[in-house]
Amino acid sequence: MKAIVWQGTNKIGVETVPDPTLLLPTDAIVKITSTAICGSDLHLLDGFIPSMEKGDILGHEFMGEVVEVGREVKKLKVGDRVVVPFNIACGVCDPCRRGLFSACDNSNPNHRMTEAMYGGVSGGGLFGYSHMYGGYAGGQAQYVRVPFADVNPHKIETDLSDEQVLFLTDIFPTGYQAAEQCGIIPGRDVVAVFGAGPVGQFAARSAQLLGAAHVIVIDRVPERLAMAEAAGCQTINYEQDDVLVALREATGGRGPDHVIDAVGMEAHGHGPGALVDTAKQRLRLTFDRITALRWALLSCAKGGTVSMPGVYGGLIDKVPMGAAFAKGLTFKMGQTHTHRYVLPLLARIEARQIDPSFVITHRASLDQAPDLYKTFRDKQGGCIKVVLNPWA
Amino acid sequence: MTQDDQARTTDAPPADAPSTGAHMPPLERSVVGSVGVALMGAGLRSARPLQKLVLGTVGAGLAAMAATGRNPIATALKIRQSQDGEVLVGDAVTVGRPAAELYAIWRQLENLPQLMTHLQRVEVLDEKRSRWTVKAPTGEVSWDAEITADEPGRRIAWQSLPGAAVENHGEVLFRPAPGNRGTEVVVRLAYRPPAGTAGAIVARLTGEEPAQQLRSDLMRFKREQETGHAPTTEGQTSGRAAKGGEA
Ligand SMILES: [Zn+2]
Ligand SMILES: [Zn+2]
């Protein structure tokens with residue numbers, strides 16, 4: 001089959017690799033009909049996520065049709081149309097039973113690697129996202145092996161198109177969880193979203209769905225800001241305005257009640273802090289550049305929530321903890337517990353409260369993916385979200 | 001895990017106060033120094049950033065330790081020792097199954113090689129005594145052990161009999177986890193490594209050391225009990241397989 005393969009930092013290629021096979025009796029094989037490039041894949045392209053190996057198959061947003069199931073799979077059968085959350089859950093461990101699917105105890109075979117970095121704790125496995133997160137082959141391919149097949153894939157039994165449901169695998173639940181965990185008081189709370197990439201777009205629209213009085217989106221890329229404006233958000237271009245002043249002005253001096261950092265570890269930005277971050281990241285002294293996080297803590301209103309769907313990897317310093325402490329902020333963060341949100345968000349799509357396909361700007365074949373990774377990273381050609389058809 | 005639980009699971013094995021950072025004899029210094037320099041070299045040559053960082057740091061630490069004759073690495077690697085030189089190893093895992101069930105699996109001593117991969121076999125000799133065989137770099141090592149405590153559903157303790165190649169004793173505790181989360185399985189081991197502290201460090205770095213094996217064994221046990229399988233990616237497709245390399 002054809003697959004997108006990580007060949008080294010800044011080297012991504014299309015290769016012909018063997019078709020996946022069932023490795024455990026609880027596995028299924030899914031023929032992929034649509035797959036996407038995620039913003040967090042760019043951290044892999046840039047080489048900022050440790051433990052990638054040459055030959056790893058990328059991709060964690062995908063859907064398709066079940067073509068084979070292991071003998072212990074009970075709920076899923078050949079022919080089912082499914083979306084597959086990007087995080088792999090076992091469904092029976094204590095975190096899974098509490099709905100903390102991304103924190104699954106049992107799905108990451110390489111638990112030792114993450115435990116060594118993260119103080120004896122490993123998260124669950126992820127598709128196509130480094131050996132630290134299990135080393136599972138990803139879904140930017142024609143077929144994929146899905147572990148714990150009775151838990152992970154969710155059946156889609158309506159006639160919604162792939163493009164309308166594909167993002168239930170990651171960016172829609174990720175943006176939604178970011179907004180939900182703010183605890184927005186409908187009609188009262190103002191929410192600011194740093195980063196108008198795909199997750200930021202979904203976070204902004206989810207904040208609206210949850211009743212935010214006002215949503216402000218901060219970025220520097222005009223077409224991203226325009227997409228947020230089209231949804232009725234106020235926007236701030238941080239290259240033209242002083243973000244902190246603009247946010248105070250927009251909120252009568254209080255600051256946003258909740259701030260969502262949908263940027264994560266590769267923030268751009270300027271000032272001495274940003275320069276130091278960039279230099280240290282180049283020297284591998286840090287994995288993270290944290291301009292967005294700093295702005296989030298500094299701008300957030302008293303008693304507010306800083307919600308972080310953006311990915312962070314390592315140790316962070318120069319965090320304005322004094323500001324956070326003085327204002328009594330709450331931090332909420334972590335990988336998305338995607339499984340929780342698939343059905344409720346599918347219901348919202350069916351009820352026409354939102355059509356997630358709004359975010360797609362590029363459609364292509366797998367062969368075009370390596371170029372599109374770079375187009376997406378460099379934000380050329382108005383690129384916000386790329387969907388790939390593995391069979392085109 | 002609540003803070004309360006954490007405090008309990010990091011308890012040292014009973015009656016042995018841990019102490020680390022002992023002075024090293026000259027031979028140990030030169031061995032540790034060479035390993036350190038070799039690791040630093042491997043770290044610098046490695047193309048993988050994480051590996052470079054880890055090997056380089058550990059290598060530099062070992063070299064510095066040899067130079068000063070002190071053993072902070074044993075502390076840094078969390079190699080705990082009792083006052084009379086035994087290495088202490090402990091770890092714990094919460095398994096979502098009843099204590100009685102898990103106890104029964106461990107009490108079948110013949111099962112242990114399936115739970116603990118470095119064990120080659122355990123032969124039950126009589127009610128109390130058993131013969132344990134482990135893989136070692138030099139071949140197989142065997143010793144006899146006896147069960148010193150057996151509290152069904154709660155605790156099993158054992159001790160190697162005099163003359164054992166690797167003197168050791170230990171216990172496994174099964175205690176209910178709060179809030180219907182199953183059972184906390186706590187394992188505590190004490191053993192006398194053949195080459196002293198340096199032996200324990202080298203074993204740790206090569207992944208052959210009991211603390212590491214114990215962690216992996218406990219996680220695999222939990223996973224098999226909870227899901228029926230240990231997760232795996234072994235044998236999956238990749239761009240490496242396509243080029244005839246490792247799968
Ligand atoms: Zn993603
Ligand atoms: Zn789980």
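Quick notes on the rules
Residues numbered from 1 in each chain as written. Chains lettered and ligands numbered in written order. Predicted model: local features only at pLDDT ≥ 70, side-chain atom pairs only at ≥ 80, totals over all residues. Heavy atoms only, no water. Domains from an automatic or database assignment. Contact = heavy atoms within 4.5 Å. Buried area = accessible area lost by both parts, 1.4 Å probe. Salt bridge = Lys/Arg side-chain N within 4 Å of Asp/Glu carboxyl O. Helix = DSSP H or I, 4+ residues; strand = E, 2+ residues; numbered from the N terminus. Buried < 20%, exposed > 50% of the residue type's maximum accessible area, 1.4 Å probe, protein only. UniProt positions renumbered as here; feature names shortened; annotations may be inferred. Polar contact = N/O pair within 3.5 Å; in protein donor to acceptor, adjacent residues only side chain to side chain. Phe/Tyr/Trp six-rings, centres within 6.5 Å; stacked < 30°, edge-to-face > 60°. Lys NZ or Arg CZ within 6 Å of the ring centre and 35° of its normal. Core = buried A, V, L, I, M, F, W, Y, C linked by side-chain atoms within 4.5 Å. 1 Å grid on protein atoms, 1.4 Å probe; cavity = no way out; pocket = protein on both sides within 12 Å on 5 of 7 lines; lining within 4 Å. Points joined across faces, edges and corners; volume = space filled by probe spheres on them. Nonpolar A, V, L, I, M, F, W, Y, C, P; charged D, E, K, R; others polar. Donors = N, O, S within 2.8 Å, 3.2 Å for Na, K, Ca; no water.

**Q** Can you help me understand the domain arrangement of chain A in this one?
**A** When the parts come together, some accessible area is lost, and that loss is often what is quoted as the size of the interface. All names here are of chain A. Splitting chain A by domain gives domain 1 (2-166 + 336-389) and domain 2 (172-333). Using C-alpha coordinates to define each centre, domain 1 is positioned 25 Å away from domain 2. At the interface, 31 residues of domain 1 touch 25 residues of domain 2. Between domain 1 and domain 2 the total buried area reaches about 2,600 Å² when both faces are included, carbon and sulfur atoms providing 67% of it.

**Q** What is the right way to look at the pattern of salt bridges in this model?
**A** Pairing is possible between side chains of opposite charge, provided their charged atoms come close. Applying the stated criterion to the full structure yields 31 salt bridges over all chains. A salt bridge links A:Asp27 to A:Arg145, with the shortest nitrogen-to-oxygen separation between them at 2.6 Å. Linking A:Asp27 in the loop between strand S2 (11-16) and strand S3 (28-37) with A:Arg145 in strand S9 (residues 143-146), this pair joins segments that are 118 residues apart in sequence. Each of the two residues, A:Asp27 as well as A:Arg145, counts as buried. A:Arg363 serves as the salt-bridge partner of A:Glu163, at 2.7 Å between the closest nitrogen and oxygen. Residue A:Glu163 is located in helix H4 (residues 162-165), and its partner A:Arg363 is located in strand S17 (residues 362-365); the two are separated by 200 residues in the primary sequence. Since its relative accessible area comes to 22%, A:Glu163 is described here as partly exposed. Judged by its relative accessible area of 54%, A:Arg363 is exposed. Connected through salt bridges with shared partners, the residues B:Glu151, B:Arg154, B:Arg155, B:Glu171 and B:Arg188 form a single ionic network.

**Q** I would appreciate a short explanation of the UniProt feature "domain: Alcohol dehydrogenase-like C-terminal" (unreviewed entry) in chain A in the present structure.
**A** UniProt feature "domain: Alcohol dehydrogenase-like C-terminal" (unreviewed entry): in the numbering of this structure it lies at residues 198-265 of chain A. The distance from the first to the last C-alpha atom of residues 198-265 of chain A is 16 Å, and the span holds 43% helix and 21% strand.

**Q** It is not clear to me how the interface of chain B and chain A should be interpreted in this structure. Could you clarify?
**A** Contacts between chain B and chain A engage 28 residues on the former and 43 residues on the latter. For the pair chain B and chain A, the summed buried area comes to about 2,800 Å², and 54% of that belongs to carbon and sulfur atoms. Taken together, the connections running from chain B to chain A amount to 3 salt bridges. Along the contact surface separating chain B from chain A lie 13 residue pairs in polar contact (both at pLDDT 80 or more). Elements supplying a minimum of two residues to the side of chain B that touches chain A: helix H3 (49-68), helix H8 (210-227) and helix H9 (239-242) of chain B.

**Q** Honestly, the packing of aromatic side chains in this entry has me stumped. Any pointers?
**A** Each aromatic ring pair is characterised by the separation of its centres together with the angle its planes make. Enumeration according to the criterion identifies 13 aromatic pairs over all chains in this entry. Considering the side-chain rings of A:Tyr176 and A:Tyr341, the 5.7 Å spacing of their centres and the 65 degrees angle between planes classify their relative orientation as edge-to-face. Of the two residues, A:Tyr176 is situated in helix H5 (residues 171-180) and A:Tyr341 in helix H12 (residues 338-350); the sequence distance between them amounts to 165 residues. Residue classification places A:Tyr176 among the buried residues on the basis of a relative accessible area of 8%. Between the aromatic rings of B:Trp132 and B:Trp158, the centroid separation amounts to 5.9 Å while the plane-to-plane angle is 25 degrees, which identifies the pairing as stacked. Highlighted residues: B:Trp132 in strand S4 (residues 129-136) and B:Trp158 in strand S6 (residues 155-160), separated in sequence by 26 residues. Grouping residues by exposure puts B:Trp132 and B:Trp158 together as buried. Across the ring face of A:Phe358, the terminal group of A:Arg205 is positioned such that the distance to the ring centre comes to 3.4 Å.

**Q** In this structure, what is going on with the nonpolar core? I would like to understand it.
**A** Nonpolar side chains in soluble globular proteins generally cluster together in the buried interior. Residues and elements named next belong to chain A. Ranked by size, the top nonpolar core spans 50 residues in total, and within it Leu 58, Phe 194, Ile 218, Leu 247, Tyr 373 and Leu 388 carry the most contacts. Examining the composition of this core, we find that 5 residues originate from one element, helix H10 (residues 291-299), more than from any other. In terms of domain composition, this core takes at least three residues from each of domain 1 (2-166 + 336-389) and domain 2 (172-333). If we ignore the near neighbours within four places in the chain, the residues touching Leu 58 are Ile 4, Trp 6, Ile 12, Leu 44, Met 52, Gly 128, Gly 138, Gly 139, Gln 140 and Tyr 373. Within the second largest apolar cluster, 43 residues are counted, among which are Leu 160, Ile 171, Ala 196 and Ala 212.

**Q** Would you mind showing me how to read the environment of A:Val82 here?
**A** Residues and elements named next belong to chain A. As for its placement among the helices and strands, Val 82 is situated in strand S6 (residues 81-84). Residue classification places Val 82 among the buried residues on the basis of a relative accessible area of 0%. A sequence separation of 217 residues divides Val 82 from Ser 299, and the C-alpha atoms of the two residues are 41 Å apart. When residues no more than four places from it in sequence are discounted, the contact partners of Val 82 are Val 30, Met 63, Gly 64, Val 66, Leu 76, Pro 153, His 154, Lys 155 and Ile 156.

**Q** For this particular structure, what's the right way to read unusual backbone geometry?
**A** Negative phi is the rule for most residues except glycine; trans is the rule for most peptide bonds. Residues and elements named next belong to chain A. Phi at Ser 130 takes a positive value of approximately 80 degrees, unusual for a residue other than glycine. Along the chain, the position of Ser 130 falls in the loop between strand S8 (125-126) and S9. Given the relative accessible area of 3%, Ser 130 is considered buried. Positive phi outside glycine occurs at Arg 352, with the angle close to 60 degrees. Its place among the elements puts Arg 352 in the loop between H12 and S17.

**Q** I'm lost on empty space enclosed by the protein in this one. Help?
**A** Any empty space left between the atoms is revealed when a probe the size of a water molecule rolls over them. All names here are of chain A. Considering all chains together, one arrives at 6 cavities of 30 Å³ or more under this definition. Computed from the structure, the largest cavity encloses a volume of approximately 80 Å³. Looking at the largest cavity, it is lined by 15 residues, and the ones nearest its centre are Asp 56, Ile 57, Gly 135, Tyr 136 and Ala 137. Residue composition of the lining of the largest cavity, grouped by class: 6 nonpolar, 7 polar and 2 charged.

**Q** Sorry if this is basic, but what is going on with the coordination of the zinc ion (ligand 1) here?
**A** Six octahedrally arranged donors around a metal ideally form angles of 90 or 180 degrees; four tetrahedrally arranged donors ideally form angles of 109.5 degrees. Residue and element names in this part refer to chain A. Surrounding the zinc ion (ligand 1) are the protein donor atoms Cys 38 (SG), His 60 (NE2) and Asp 170 (OD), at 1.8 to 2.2 Å. In the primary structure, the donors to the zinc ion (ligand 1) are separated according to the pattern C-x21-H-x109-D. One end of the pair, His 60, is in the loop between strand S4 (56-57) and strand S5 (61-69); the other, Asp 170, is in the loop between H4 and H5, with 110 residues separating them in the sequence. Comparing His 60 with Asp 170, the two get one shared label, buried.

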